[in-house]
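The primary structure of each chain is shown beneath.
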Amino acid sequence: MLTYNGQVALHNIRRSKVLSSLMVLAISIGIGASMTTLAVMRLLSADPLPGRSQHIFYPQVDVNPDSKGREPLDVMDYKTAFDLWSAKRASQQALVASYHAKLRAPESTLPPMMVSVTSTTADFFAMFAVPFQYGRAWSADDDAARARGIVISSELNRKIFGGANSVGRSLRIGDADLRIVGVLAPWRPSPLYYKVRGGRFSSGDTAYLYSKVDDVFMPFSSSLDVSKGSFEPFTCWGTIATPGDLVASPCAWLALWVRLDDQAAVDRYRAFLQGYADQQRLAGRIKFSDNVRLRNLVEWLDFNQVVPSDVKLQTLLAFAFLLICISNVVGLLLAKFMRYGAEIGLRRALGATRRDILMQCLSEAATIGALGGGGGLVLTLCGLALVRRQQVEYADLAHLDVTTLLITMGLSVAASLLAGVIPAVRASLTPTALQLKLI
């Protein structure tokens, strides 16, 4: 019976090519628009560290004496962040600060270049599952010894060394020679979650979060020696005694990430965080000790609203447009099925049940949906190709994955079936005698 209904559906589609083409086109455009925006939305809102994000946390302590109990600053002052890091109360912990520096490659003819630097500690790489192509990360002992070994990105390695194994070679930042101990494999977290800080974002503020990974990763202790004056404060609530020296200044500029493996560890660390804040309040250094936070990675990204609001709006508008397309297809299918009233009446007179008629009409609607899905898939690929040509940082990441492909095809058939239900039911319920009068 399914084969017969399919044959009838294809026959009817060929009989009314213009009407069928309009329905296929309507579904294709609606599916193409909605799936393009959905693919971008999924790209920007996906879990950037699947399987690990629920164990990665971002602690905050309200170090600002002028906050008046509002949300604590997104970063902390040096003493608070360093105290929490030094306590080693988590399975892993990493201090993180970013800046730009001038880099020279003594073994290359390239001119000096400005590079982005992430200053961090040894646990950063294991905690965030950072892949390596050559070498390794530095160790905790290197942090303590203020060793001058760095890790560089695969992009910088390709630019300077042609992609060869550059472990053991040197680069110069400022007046210091730094030895390469590791080279990352191609790595493109989306967003750059370890850099998310600085308040709630607007669509324009998130651009840097989808840029390429930083060029250089340097031990935090070494950065204090090599680039102490390069760090920029997020905010200050007092006078900076020595220009460029944020270590002893009343300024927030340093982030801390920790890994907590289970709920018990989370509860213990939250208690430790609160206890530290209470202790510092008694010491007169922190005013609002009860204003602490401990969010996991996904919660932190959601709190910072890293998905641009205009992308959310575009997605809603695209699906609203899809509903309009489905509404138009309902009217076209209704007209199409009513045109076949005489044939439906004849089939009913020859013994076909209402269910048989309903299934025949739904088979035709599903066939139109499948054709519309194919067209929608082509339009989605074209839409994503246009997105990749846009001047936005995440443009090159836009692609059609398997999940979005399956959603595209499933949504197209579901949309056509939804559009076909009312016309099919109406066609199957029309009295046989009334349909036979049309013969």
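Coordinates for the structure precede this section.
Note that the coordinates shown come from a computational prediction; the quantities given were computed from them, not determined experimentally.

## A short note on the side chain of Ser 289
Along the chain, Ser 289 falls in the loop between helix 8 (263–282) and strand 12 (292–296). Separated by 3.1 Å, the side chains of Ser 289 and Asp 278 make a polar contact. If we skip the residues at most four places from it in the chain, Ser 289 touches Gln 274, Ala 277, Asp 278 and Arg 281.

## Some details on the packing of aromatic side chains
Counted by the stated rule, this structure contains 24 aromatic pairs. Considering the side-chain rings of Tyr 78 and Trp 253, the 6.5 Å spacing of their centres and the 10 degrees angle between planes classify their relative orientation as stacked. Here Tyr 78, found in helix 3 (residues 78–87), pairs with Trp 253, found in the loop between strand 10 (251–252) and strand 11 (255–259); they are 175 residues apart in sequence, far enough to count as distant. Residue classification places Trp 253 among the buried residues on the basis of a relative accessible area of 6%.

## Digging into helix 6 (residues 154–161)
Residues of helix 6 that are buried: Ser 154, Leu 156, Asn 157, Ile 160 and Phe 161. Along the long axis of helix 6, the arc covered by the buried residues comes to 160 degrees, so they all point the same way. Within two residues after helix 6, Gly 162 carries a phi angle of roughly 70 degrees, on the positive side.

## A short note on unusual backbone geometry
If you check the backbone angles, Lys 88 has positive phi at about 55 degrees while not being a glycine. Looking at the secondary structure, you find Lys 88 in the loop between helix 3 and strand 2 (92–104). According to the relative accessible area criterion, Lys 88 is partly exposed, its value standing at 44%. Positive phi, normally seen in glycine, also occurs at Arg 146, with a value near 55 degrees. Checked against the element boundaries, Arg 146 lands in the loop between helix 5 (140–145) and strand 5 (149–152).

What counts and what doesn't
- Residues numbered from 1 in each chain as written.
- Predicted model: local features only at pLDDT ≥ 70, side-chain atom pairs only at ≥ 80, totals over all residues.
- Heavy atoms only, no water.
- Helix = DSSP H or I, 4+ residues; strand = E, 2+ residues; numbered from the N terminus.
- Polar contact = N/O pair within 3.5 Å; in protein donor to acceptor, adjacent residues only side chain to side chain.
- Contact = heavy atoms within 4.5 Å.
- Phe/Tyr/Trp six-rings, centres within 6.5 Å; stacked < 30°, edge-to-face > 60°.
- Buried < 20%, exposed > 50% of the residue type's maximum accessible area, 1.4 Å probe, protein only.
- Arc of directions from axis to C-beta.

Scope: geometric values only; no functional claims are made or implied.
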